[in-house]
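Here is how the chains run, residue by residue.
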Amino acid sequence: MTDIDAVPGMGPLLAARTFFTRSEVSADGRTLHQVDPSGWDRFYRDRWAHDKVVRSTHGVNCTGSCSWQVFVKDGLITWEHQATDYPSVGPESPEYEPRGCPRGASFSWYTYSPSRVRYPYVRGVLLEAWREARSRLGDPVLAWAELTGDPERARAYKRARGKGGFVRAEWDEVLELMAAAHVHTVKEYGPDRVVGFSPIPAMSMASFAAGTRFLSMIGGTLLSFYDWYADLPIASPQVWGDQTDVPEAADWWNSRYLIMWGSNIPVTRTPDAHFMTEARYQGTKVVAVSPDYADNVKFADDWLAPHPGTDGALAMAMGHVVLTEFFRERQVPYFTDYVRKYTDLPFLVTLEPRGDAYVPRRFLTAADLTDDAGENAAFKTVFLDEETGEPRVPNGSLGFRWGEEGEGRWNLDLAGATPALTLLGRAGRAVEVDLPRFDEGATEGGSVMRRGVPATEVGGKLVTTVFDLLMAQYGVPRADLPGEWPQGYEDAAQPYTPAWAEEITSVPAATIARIGREFARNAEVTEGRSMIAMGAGTNHWFHSDQIYRAFLTLVLLTGCQGVNGGGWGHYVGQEKVRPITGFQHLAFAFDWQRPTRHMAGTAFWYLATDQWRYEQIQADELSSPLGDGLFEGRSFADCNAQAARLGWLPSHPTFNRNPLTLADEAAAKGVGVAEHVVDELRSGRLRFAAEDPGEPANFPRVLTVWRANLLGSSGKGNEYFLRHLLGADAETRNREGIHPTEVRWREEATEGKLDLLTTIDFRMTSTALFADIVLPAATWYEKHDLSSTDMHPFVHAFNPAIAPPWQTRADYDVFLGLADAFSELAARHLGKRTDVLAVPLAHDTPDELAQPGGRVRDWKHGECEPIPGKTMPKIVTIERDYAAVGERMRGIGPLFAELGLTTKGVTYRVGPELDDLRARNGATPEGHVSLATADRMCEAILALSGTTNGRLSTQGFETLERRTGTRLADLAAEHEGKRITFADTRSRPQPVITSPEWSGSETGGRRYSAFVINVERDKPWHTLTGRQQFFLDHDWMIELGEQLPAYRPPLNMRRHYGEQGDGQDGAEVTVRYLTPHSKWSIHSEYQDNAYMLALSRGGPTIWMSVEDAARIGVADNDWIEAYNRNGVVVARAVVSHRMPAGTVYMYHAKDRNVNVPLTEKSGRRGGVHNSLTRLLLKPSHLIGGYAQFTYAFNYYGPTGNQRDEITVIRRRGQEVTY
Amino acid sequence: MRVMAQVAMVMNLDKCIGCHTCSVTCKQTWTNRDGVEYVWFNNVETKPGVGYPKRYEDQDRWHGGWQLDGRGRLKLRAGGRIKRLLNLFSNPDLPTLDDYYEPATYDYDTLINAPAGPHTPVIRPKSAITGRDMAITWGANWEDDLGGAPEHAPADPNLAAMAEKVAMEFDKTFMFHLPRICEHCLNPACVAACPSGAMYKREEDGIVLVDQERCRGWRMCVSSCPYKKVYVNHKTGKAEKCTFCFPRIEAGQPTVCAETCVGRLRYLGLILYDADAVLDAARVTDPRDLLEAQRRVFLDPEDPAVIAAARAGGISEDWIEAARRSPIYRLAMRYRVALPLHPEYRTLPMVWYIPPLSPVLDAVTGVGADADDPDNVFHAITDLRIPLEYLASLFSAGDTEVVAGVLMKLSAMRAYMRARTIDGTVATDLLESAGMTAADMEDMYRLLAIAKYDERYVVPAAHREDAAALSAQAGGCSLDGDGGPGMSDFHPTGVTGRRGDGRLGLKLFVGKGGQA
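Keep in mind it's a predicted model, so treat the numbers as computed, not measured.

Trainee: Describe the pattern of salt bridges, naming the residues involved and giving the relevant values.
Mentor: Scanning the entire structure with this criterion turns up 129 salt bridges over all chains. Linking A:Lys285 and A:Asp302 is a salt bridge whose minimum nitrogen-to-oxygen distance equals 2.6 Å. Of this pair, A:Lys285 sits in strand 11 (residues 285-289) while A:Asp302 sits in strand 12 (residues 302-304), and the two are 17 residues apart along the sequence. The structure contains a network of salt bridges with shared partners spanning A:Asp41, A:Arg45, B:Arg202, B:Glu204, B:Asp205 and B:Glu250.

Trainee: Give me the lowdown on a nonpolar patch on the surface, citing residues and values where you can.
Mentor: Residues and elements named next belong to chain A. Nonpolar side chains collect at one region of the surface, where Leu76, Tyr112 and Trp806 lie side by side and expose about 280 Å² of accessible area between them. Positionally, Tyr112 belongs in the loop between helix 3 (102-105) and strand 6 (121-123). We classify Tyr112 as partly exposed; its relative accessible area is 31%.

Trainee: Hey, could you go over the domain arrangement of chain A for me, with residue numbers and the actual values?
Mentor: Residue and element names in this part refer to chain A. On domain assignment, one finds that chain A holds domain 1 (121-159), domain 2 (247-294 + 318-344 + 488-570), domain 3 (347-485) and domain 4 (1055-1211). The straight-line distance from the C-alpha centre of domain 3 to that of domain 4 is 44 Å. At the junction of the two partners, domain 3 supplies six residues and domain 4 supplies four residues. When the buried area of domain 3 at its contact with domain 4 is split by residue, Phe379, Leu398 and Glu444 rank highest and sum to 69% of it. At the junction of domain 3 and domain 4, the tally comes to two residue pairs in polar contact (both at pLDDT 80 or more). A class-by-class count of the residues in the side of domain 3 that touches domain 4 yields three nonpolar, two polar and one charged.

Trainee: Tell me about the packing of helix 8 (residues 205-218) of chain A against helix 20 (residues 580-587) of chain A, and name the residues and values.
Mentor: Relative orientation and spacing of two packed helices are given, respectively, by the angle between their axes and the distance between those axes. Residue and element names in this part refer to chain A. Remark: helix 8 packs on helix 20, axes separated minimally by 7 Å, with the N-to-C direction vectors making an angle of 40°. Between helix 8 and helix 20, the contacting residues are Met205, Phe208, Ala209, Thr212, Arg213 and Ser216 on the first element and Phe583, Leu586 and Ala587 on the second. Per-class residue counts for the contact of helix 8 with helix 20 are six nonpolar, two polar and one charged.

Trainee: For the sheet that holds strand 4 (residues 68-73) of chain A, give the residues involved together with the corresponding values.
Mentor: All names here are of chain A. Taken together, three strands build an open sheet; the order of strands is 3-4-5 and the sheet is antiparallel. The outermost strands of the open sheet, each flanked by one partner alone, are strand 3 (52-56) and strand 5 (76-82). Pairwise comparison of adjacent strand axes, ignoring direction, gives a mean angle of 30° for this sheet.

Trainee: So what's going on with the state of the cysteines? Which residues, and what values?
Mentor: Residue and element names in this part refer to chain A. Applying the stated criterion across every chain, the model contains zero disulfides over all chains. With no disulfide of its own, Cys66 lies 6.1 Å from the sulfur of Cys62, the closest cysteine sulfur. Between Cys639, a cysteine without a disulfide, and Cys864, which holds the nearest cysteine sulfur, the sulfur-to-sulfur distance is 17 Å.

Trainee: Got a sec to walk through the packing of helix 5 (residues 140-149) of chain A against helix 7 (residues 171-188) of chain A? Specific residues and values, please.
Mentor: All names here are of chain A. The N-to-C vectors of helix 5 and helix 7 enclose an angle of 75°; their axes lie 8 Å apart at closest approach. One finds that helix 5 runs roughly perpendicular with respect to helix 7. Every residue of helix 7 that contacts helix 5 at Pro140, Val141, Trp144, Ala145 and Thr148 is listed here: Glu176, Leu177, Ala180, Ala181, Val183 and His184. Here the contact of helix 5 with helix 7 is composed, by residue class, of eight nonpolar, two polar and one charged.

Trainee: Explain the interface of chain A and chain B residue by residue, including any values.
Mentor: Facing 138 residues of chain A, the contacting portion of chain B comprises 139 residues. Carbon and sulfur atoms supply 57% of the area that chain A and chain B bury against each other, a total of about 11700 Å² over both sides. By the criterion of area lost to chain B, the three top residues of chain A are A:Trp40, A:Tyr281 and A:His1137, representing 8% of everything that side buries. At the junction of chain A with chain B, the criterion picks out 12 salt bridges.

Definitions and limits used
Residues numbered from 1 in each chain as written. Chains lettered and ligands numbered in written order. Predicted model: local features only at pLDDT ≥ 70, side-chain atom pairs only at ≥ 80, totals over all residues. Heavy atoms only, no water. Salt bridge = Lys/Arg side-chain N within 4 Å of Asp/Glu carboxyl O. Helix = DSSP H or I, 4+ residues; strand = E, 2+ residues; numbered from the N terminus. Patch = residues over 30% accessible without salt bridge, like charges linked within 9 Å, V, L, I, M, F, W, Y side chains within 5 Å. Areas by Shrake-Rupley, 256 points an atom, 1.4 Å probe, with all protein chains shown as cover. Buried < 20%, exposed > 50% of the residue type's maximum accessible area, 1.4 Å probe, protein only. Domains from an automatic or database assignment. Contact = heavy atoms within 4.5 Å. Buried area = accessible area lost by both parts, 1.4 Å probe. Polar contact = N/O pair within 3.5 Å; in protein donor to acceptor, adjacent residues only side chain to side chain. Nonpolar A, V, L, I, M, F, W, Y, C, P; charged D, E, K, R; others polar. Axes fitted to C-alpha atoms, helices over the stretch in contact; angles between N-to-C directions. Pairing = 2+ DSSP bridges. Disulfide = S-S within 2.5 Å. Parallel < 35°, antiparallel > 145°, perpendicular 65-115°, else oblique.

Structure representation (structure tokens):
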């Protein structure tokens, strides 16, 4: 018994814990209580104590956007725990707290890591040569010109890339070097030869914007990333005319049937996985479709394990079941009403004779009905009225979106009409149609199946409905339609029955039918609350667009899209910049000049890294036998060049001439620039650089990478990057391929195109190891910035827990410094110049009307005239004041006030916002609203976006109302007076405001789901028909046989590229090679963290099945080598029965910097996961100029897919050297 | 009855996503320092698997926990005082570093400092213990997601004990994750084994701690803990273990592992228990009776007699109120879905688990729910991939009925809620089969599914003004009368139908309007 006050030396808190001064020992030796008053436990108390807690987040390219508390003690960051103060989701739902993952929880390790980049570094051999030339010549620009112009000296520093030898340098010196390289390149080769790569702005908007703003001002090329990462689901723009829009994670809770399809939610969506596990308790059925027993499978009521890449077959067969049981055998009013109103299924498609049957061609339009159909008639689609049988041109198609006549009519109101879904029973005839199939045939183009549709004549053309075509495509026989049809679900001979799919996927037909049926039935009884969460497992394939269209068919037929708890959930790299309007206009410096040089990343790298030189197949390999031979004899590079000159895709570097020179020439000739460019192109004197990527004048010269690990993470075809772009050692054994027809082939491939590679980072990635300059970045706990995501509806802030340590700097400040250094040198070398941009036909602008019917007309082949903005890119000039870049970086330019800000076709006027910002941010000496610091940039982004400024969202809806003629502005009215400031986001995650910038609604506190506004408010989708489209009628889609959803198998790499191994039977096994996201690296990077290494196996691994391991005598943890024509990888084997035979996984972003020995195969350092991959362009991803097939940054463009690849695995000697 | 309060935890394994965030936040906060590189107060194991340290569950090897001697008395498996004294200097039951793993670090600065050379710089593993180059052959989480399972997992003691052989084949794959911290047992073997009196269980909240000043590094605690959750700091030579984040608990905050649990599967709350009943509970003869024996030690916080005794014992009103709101009590006692880990160790652990439902069919054969009725979407729990015997080995000393009862209740909840949320149907047959009222079913659903922060964690802050009163209670004013107030009518009825003649069969179709 102790009087607590009598315990010496103890404060009341400690005393409260001590009740005994003696041990109390129980009879049988159990010491139950023993408390010592000595205060020994202070050690743990002190460890827990801290001085402050600072809110920040992780700016990595994952979609987490989790709010974290960073603990600081004695001026040092100690650790981080998740914030738990997200605004509530409501009383009947789980909350967002605590969002985070083990990767994020260990991030603070980097702050003081021994591999933290603390100072600027330059490779010694370069720095020495630079200093010599710089001091001798006095002028930095001339020094850079001389150094890079001297092949021997240039070769010397390029060869040294990736081989150590960094030396410390000072910021001023390095920035001057970089500025000199930029100025010289702009002057000598053109601004479009200066390139920037930084992905996923949502993860740190100001940091992204700093670099892109600088590059936009000088005319540099900005590479897209969403398509490059193969995360962009091409099907989304194709079907919806929308990049990607998905339900927030809390909406999973509203689902009653959730299929996780190739999406390993516990690993890739860790912070939100609980909504899935918890929804099960509310009675939601959960299905996992995964080739392996992934982390998510253990939560699933059913596990379907198709062979990798056959998901499309599975989905098509489910679609067969849904169409059979819910559209043919009986009709579900909810489904029928939905597809009539919100999809293109009732619209008429022309049928043209081909051989002894017909093929579908194009949508019938108002232009087909009469000669005088009025404005934009070729973009107004037609259906038959169920009652009258007469053709109707309903509101809402693209023809109503632009032009005066469409004012107030761009809406989905059917005005009392009931569209006829089918012509069955109405048509005069039934005709045979030939449709493509790809499960058989001598090429990737497959073969043909013959089925039948009811048809009738309208406007002198034979037509049928999209629905009737869909029934034929899916093989659902009706009435006495002609053609060959499956005999039933058990008929394995005909696409797309469950039995047919079983043979391809290995999933039992009965299971396929059951899941398809359950999915639809659930949607019927819940009115659309069935959901498919799809992941990279199904999206990184060459034909992912087709896989996805098969998925989307399921959610569209069942009326799930635009419904809370239903629809697609594409959770693949999609990160939503919620305050998109302010962000993109500031990031691309649209306050000073418009537009900027956005570039499709994959097309750029394909040429820049010379991967185009290694093709063994051509585009015609993919053509359907029903195509018109448009790709005959043409390589993928040829297709890309055509897309460039027809104005479909951007193409930078653009011409084989400095664009500044083009302007000078036009001025000298006294003609308009556009006229001059057209003349020069027509004469053949001027060519697109994409037609001759091997010409040194066409090389990209200066590349800056920030917030990214290009060479250790996303760089598909890594070895080609190293060899051709950098001139470093590379392992590829690939032989050169078929020569293109139009693109010029040069016998000698260049090694080392790039003059300067800079990376801004806080750790030594592969990109840093190979860079010429490594600049020390502040981490995410050392700067101000903004974060948002599609997974939750909040915006929140980064805050510095400590000031940037050592000589590190925030990205924002790095680019301000670079801009200043650039301006100083530019004043002497560049001054004011006119830049000439070739701008592709843009999405959400009247450019969508440029090429009616999606007919391909090539001016170069004399099929039409070269008309800028119609048959070729728009030619736009920008006056650049190169000496003013530093100054302009820091202030908002005049164009916001003059032109407003335009997002997705809606223009926002921002007068009051600029006044308000001037008061908050202050002004520059030149009188512009200040952006001099990152927090001011954040403030401006928030003020200029509808999601964070209720006045703007209301204004935007009012603008839109004038076009749609429907009521919308009430969606934002509840928040019209709300303004989210940067201070708000610093204090707590802030819920955003419903805005026309996005398609869903948060109004009244509901969960965000994509296209809710379209469905509930009759707002059209941004497509040709204004509806969700099953049918696509561009010429190239016809050529590829992809007018309708179809199953296209993974590319047959063995057939195209031959056996990859050395043929050592028993010692080698050839397997499918997949690179899913890792559990032990922060998203696609950051695997080098000590905690993650401790919890994984401490270096690169490849997961193998028991069967494959046994075949080549590999035990768990043995060293193995994986190789194919593209490269070599060394790793340890993880042998597990959760892996299916015939497939290995090397988890993404196994960088080459940790525990990677030398290979036996080559004697050099083993490669990264992307050493085994190589790019392949799918021609349909290049389409442009037509309706939803028009270009926008990260909206359309070829994907950098990599899943179709195969590799050889062999057990190597177990002694390794480094 | 002597009423005492303990902070206890329940983890719902059915929600664990295996992310290991708990491990990382715990390690960052408590053990990212020299001497404890290999120590994870919180770790997550993939089951089946041998765990960390290897095969720690094999008490024939490690002699952890308690056993009954010939006369039915409790004694440490490690042996009596004399035997333990004899082994002070050469404890044969101590895991070696190999049983844990040799922690690695890397020569990180090489990446920046490497001179110009023939190859791309790389960092390679160095032993964190010796500093020498090493090959990584095992780790804290080597078996994650069944990595190497065909080779290693057959040695999982829970598998070895099973009558039916588990094949490590793709089609039959199952797994779940098992996060583990110190169990803060009611009858802690580590405390009993400590020769120095350095280990103790705190009176006010039951947290088991090692007094770092008293610890003499004898390591008897390490071998005696059957969960191997006491570790040696190889720098100080002293024992360290999970502290239940006592500085946070005292402030009314959840432990770090709980608060940062992204799966939202951890619950923290008070259990009132009868300190005088602990010993008897720990020495019931049949290990399968240990679960119910331990449940009988727990006191009903709604029972006026218990409340009176608690008050008399100096437990403050807000603690009593917290005990009444305790999610632990609800999960372990009211809904009876939480179970102790390895009750057969007889330590009466206080971190309990809801076993995983894992309702997956055979992926290949396509058998399962009634294919003709698309509204019957769930499978019977007889179709579960995880063998009941395996779960029973972990959570009920081998009694599969206990585990089945819990799983049945969880699946009944899913079917019940599906019917209710789709068309408002109240499936009374499901309530009957689960032995629950509609209100209880929905309360359980809310606690498991909606699980708001304030309901997951009910942790009262420490009272300094109550110290004197509690101290007085401990000094001899305990209410330790036979049975204690209220004990006589404390009969936990078999709401799972687990005991007595009310047993329910395993087969339970839980579709809409599901029926047993």
